[in-house]
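So the chains spell out like this:
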Amino acid sequence: MPAAGFAPLIGAQVADERVRKDSLEQRGIAVISSAGTLVAIVLGFLSLTRLGDAERMPSVALGLLIGTLVVLTAASALGLLINLPRPLPVVELHDLIGQRDAAAPQTELAFQCTLLVTLRQHNRGCARRLFGALLLEVLALAMMAGSALRILWPAL
């Protein structure tokens, strides 16, 4: 058990992890929003190309756009996973009953340490999912660009 003198340091780290958690959740929502916008653009593009001659869209371009929709859906799913509620440790009433005043700081410190470890594990997982979602969005943009190039320059 860490010494009680570390309580302010551990409390500050818990506060930092809570801020990081909120930031990751906001970024997860941003991924969902941007992926949704890109899906709307892709579907609009598909609709516009289908208004004219159905043979105008090369199959490679169509395949890339369909793949883009799949990749963007996966990015949105990762964004949702970032924002899934996760249980965090809470102080139970039975933990507080019967505590002597001398033992209360140690109990608080033990809880803070448990909370810090849990928040860090949660945030690391969310950061990995966010990185994956952002990579998927970049892949989707590259696929959209490849499709547009294929349509604009059929000789490619």
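Before reading further, recall that the structure is shown in the block above.
Remember, it's a predicted structure, so these values are computed and weren't measured experimentally.

Thresholds, definitions, all that
- Residues numbered from 1 in each chain as written.
- Predicted model: local features only at pLDDT ≥ 70, side-chain atom pairs only at ≥ 80, totals over all residues.
- Heavy atoms only, no water.
- Salt bridge = Lys/Arg side-chain N within 4 Å of Asp/Glu carboxyl O.
- Helix = DSSP H or I, 4+ residues; strand = E, 2+ residues; numbered from the N terminus.
- Buried < 20%, exposed > 50% of the residue type's maximum accessible area, 1.4 Å probe, protein only.
- Core = buried A, V, L, I, M, F, W, Y, C linked by side-chain atoms within 4.5 Å.
- Contact = heavy atoms within 4.5 Å.

Asker: Where do I start with the pattern of salt bridges in this structure?
Answerer: Think of it this way: side chains of opposite charge can pair up when their charged atoms draw near. A complete count under the given rule lists 3 salt bridges for this structure. Residue Glu17 is joined to Arg20 by a salt bridge in which the shortest nitrogen-to-oxygen separation is 3.9 Å. Remark: Arg20 and Glu17 occur in helix α1 (residues 7-51); sequence separation between them is 3 residues, near one turn of the helix. Glu17 sits in the buried class, given a relative accessible area of 10%. A relative accessible area of 34% places Arg20 in the partly exposed class. Glu25 is the salt-bridge partner of Lys21, the closest N and O atoms lying 2.9 Å from each other. With Lys21 and Glu25 both in helix α1 and 4 residues apart, this pair spans about one turn of that helix.

Asker: I would appreciate a short explanation of the nonpolar core in the present structure.
Answerer: Buried together is how nonpolar side chains tend to be arranged in soluble globular proteins. In terms of nonpolar packing, the biggest core is built from 13 residues, with Val42, Leu46, Met57, Leu65 and Leu72 touching the most fellow members. Within the residue set of this core, elements represented by two or more residues are α1, α2 (59-82) and α4 (104-152). If we ignore the near neighbours within four places in the chain, the residues touching Met57 are Phe45, Leu46, Thr49, Leu62, Leu65 and Ile151. Grouped together as the second largest cluster of nonpolar side chains are 7 residues, Leu24, Val31, Cys126 and Leu130 included.

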